[in-house]
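Residues per chain, in single letters:
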Amino acid sequence: MMAKPSIPKGTRDFSVDEMAKRNYIFDTIKQVFALYGFRQIETPAMETLQTLMGKYGEEGDKLLFKVLNSGDFLSDVSEADLAERNLNRLAARLCEKGLRYDLTVPFARFVVMHRNELTFPFKRYQIQPVWRADRPQKGRYREFYQCDADVVGSDSLLNEVELIEMIDEVFSRLGIRVAIKLNNRKILSGIAEWIGAPEKIVDITVAIDKLDKMGLDKVNAELMEKGLSQEAVAQLQPIIQLQGSNEEKLQVLRRELAGSETGLKGIDELEYILQKLSASPLRSTLEIDLTLARGLNYYTGAILEVKALDVQIGSITGGGRYDNLTGVFGLPGVSGVGISFGADRIFDVLNQLDLYPKESMQSTQVLFVNFGECESQVCLGHLARLRSAGVRAEIYPESAKMKKQMSYADSIGAQYVALVGETEIAAGKIALKNMTTGEQSLLSLDEVIALLRNRQETIKENKTIDRLNR
């Protein structure tokens, strides 16, 4: 008996409607990336394991999908190797390649390999799938898309300013209300110095990063489990619970961290970013959040995350500054800063809030009914003109019953149905039926093109007005 078809766990098929929605997200993000001067690159789905291994920590290495060598992949493996069952050693013998885990490490490899062709600062964006051999669960997949934008070869904090503006613009266009959370790795290091535990920086920040999920008491308990004294934990409380405006928070930090050169440097950087952003105020909420501590082993300066305000979901965008992106590939000292939009979570947010504009579905604008060989020949000429004018148009392939053809028009979401029978051919006209209102008009081909162009322009104008009003 034939096996029932299936797909691997943690992967998904996307229907026509779902792809239209996803492309709306990707197109919106791409447009904003291009607006700020970012240019697109792509890297292979597979990288050498030499490129990937050791870049994500021990746990990350375990989540890499490894690709078996072609041909006799057991040729370099002895019976003793098999008997020993050392999986890491076996993988090194059996596999030379792996599916990319993220877009950042391949980008670092790209910069090093092509450094003589690039002009710095180099602004790139990349929208491609990544793969992780994680345990699938709700909201977590083994195959998913990342939408990254990075600037490398520049230390300027204007890059952070523009990345925040880009985040604001993307979510404004998508109609999602968000809060942008901002912090700085140097401030977190300064706090660890201030309480006399600089060596505990990772433990401290990993714990306070859980404040929203665990609550203050459990965070304090975890800090003491990690070896912090009761005095140090008590000293942290005003910082963990710091309230007020961004300016008030920075004033408190500047006073408390006065003895930490590193901490003061981080405060200066956040003040600079806030001051520059004041020139063009954001539509989104921007909040300094001292409990934000993403990727501490990776980021070295400003760090940020974005939370949707109207949906309970994790971070939908994140990023930050890193000082040595390419050092692991032999090109030290290339600073960078970047952000990554979580397309799959954004997809879920837009679905829950029903924010997809109808025109984003990109359905057929005009479906020509097929009345027979003679009529379809005339329709083919009309279709060529319409398509050259940028109108999405098609003809039903057979001269089936009218009910079947109209049912097809409904199923594909056609905006209009065009009827070209003997009467219309004789008059050089097209009977155009509006599938929303049911109204039918007798028009020339030029009038049909003008009508559809005006409709498209009206939609564009309404979208622009709507975006400006948000």
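Overview of the structure.

Conventions and cut-offs
Residues numbered from 1 in each chain as written. Predicted model: local features only at pLDDT ≥ 70, side-chain atom pairs only at ≥ 80, totals over all residues. Heavy atoms only, no water. Buried < 20%, exposed > 50% of the residue type's maximum accessible area, 1.4 Å probe, protein only. Helix = DSSP H or I, 4+ residues; strand = E, 2+ residues; numbered from the N terminus. Arc of directions from axis to C-beta. Contact = heavy atoms within 4.5 Å. Salt bridge = Lys/Arg side-chain N within 4 Å of Asp/Glu carboxyl O. Phe/Tyr/Trp six-rings, centres within 6.5 Å; stacked < 30°, edge-to-face > 60°. Lys NZ or Arg CZ within 6 Å of the ring centre and 35° of its normal. Pairing = 2+ DSSP bridges. Core = buried A, V, L, I, M, F, W, Y, C linked by side-chain atoms within 4.5 Å. Axes fitted to C-alpha atoms, helices over the stretch in contact; angles between N-to-C directions.

## Some words on helix α11 (residues 216–225)
All of the buried residues along α11 are Val219, Asn220, Glu222 and Leu223. For α11, the buried positions fall inside an angular range of 160° around the axis, keeping them on one side. Of the residues in α11, the exposed ones pointing more than 90 degrees away from the buried face are Asp217, Lys218 and Glu225. On its buried face, α11 is in contact with α9 (201–208), α10 (211–214) and α12 (230–240).

## Describing the pattern of salt bridges
As enumerated under the stated definition, the model contains 17 salt bridges in all. Asp150 is the salt-bridge partner of Arg124, the closest N and O atoms lying 2.7 Å from each other. Of this pair, Arg124 sits in strand β5 (residues 122–131) while Asp150 sits in strand β6 (residues 143–152); the two residues are 26 residues apart in sequence, bridging distant segments of the chain. The pair Arg124 / Asp150 is uniform in exposure class, with both members buried. Across the salt bridge formed by Arg321 and Glu160, the nearest N and O atoms sit 2.9 Å from each other. In this pair, Arg321 is assigned in strand β10 (residues 317–322) and Glu160 in helix α7 (residues 158–174), connecting sequence segments 161 residues apart.

## What about the packing of aromatic side chains?
The full count for this structure, using the stated rule, is 11 aromatic pairs. In this structure an aromatic cluster arises from ring pairing among Phe33, Phe38, Tyr125, Phe171 and Phe341. Taking NZ or CZ as reference, Arg22 lies 3.9 Å from the ring centre of Phe14, over its face. In this structure, Arg132 packs its charged tip against the face of Tyr101, placed 4.0 Å from the ring centre.

## Points about the sheet that holds β10
Taken together, eight strands build an open sheet; the order of strands is β1-β5-β6-β11-β10-β9-β7-β8 and the sheet is mixed. Of all strands in the sheet, those bounded by a partner on one side alone are β1 (39–40) and β8 (285–288). Note: strand β7 (residues 178–184) against β8, four bridges, orientation parallel. Following the sheet pairing, Leu182 is matched in β8 by Ile288.

## Section: the nonpolar core
With 89 residues, the main nonpolar core has Phe171 and Phe341 as its most contacted residues. Ranked by residues supplied to this core, first place goes to α7 with eight residues. Among all residues touching Phe171, those that are not within four sequence positions of it are Ile176, Val178, Val306, Ile316, Thr317, Phe341 and Ile346. Core analysis: the second largest hydrophobic core is formed by 19 residues, Cys379, Ile395, Tyr416 and Val448 among them.

## Structural notes on the sheet that holds strand β16 (residues 440–443)
In space, the five strands of this open sheet follow the order β13-β12-β14-β15-β16, with mixed pairing throughout. The open sheet is flanked by β13 (393–395) and β16, the only strands paired with a single partner. Taken pair by pair, the neighbouring strands of this sheet meet at an average axis angle of 25°, ignoring direction. Bridge count for strand β14 (residues 416–419) against strand β15 (residues 430–434) is four bridges, and the pairing is antiparallel.

Honestly, that's just the spatial picture; any functional story needs more than this.
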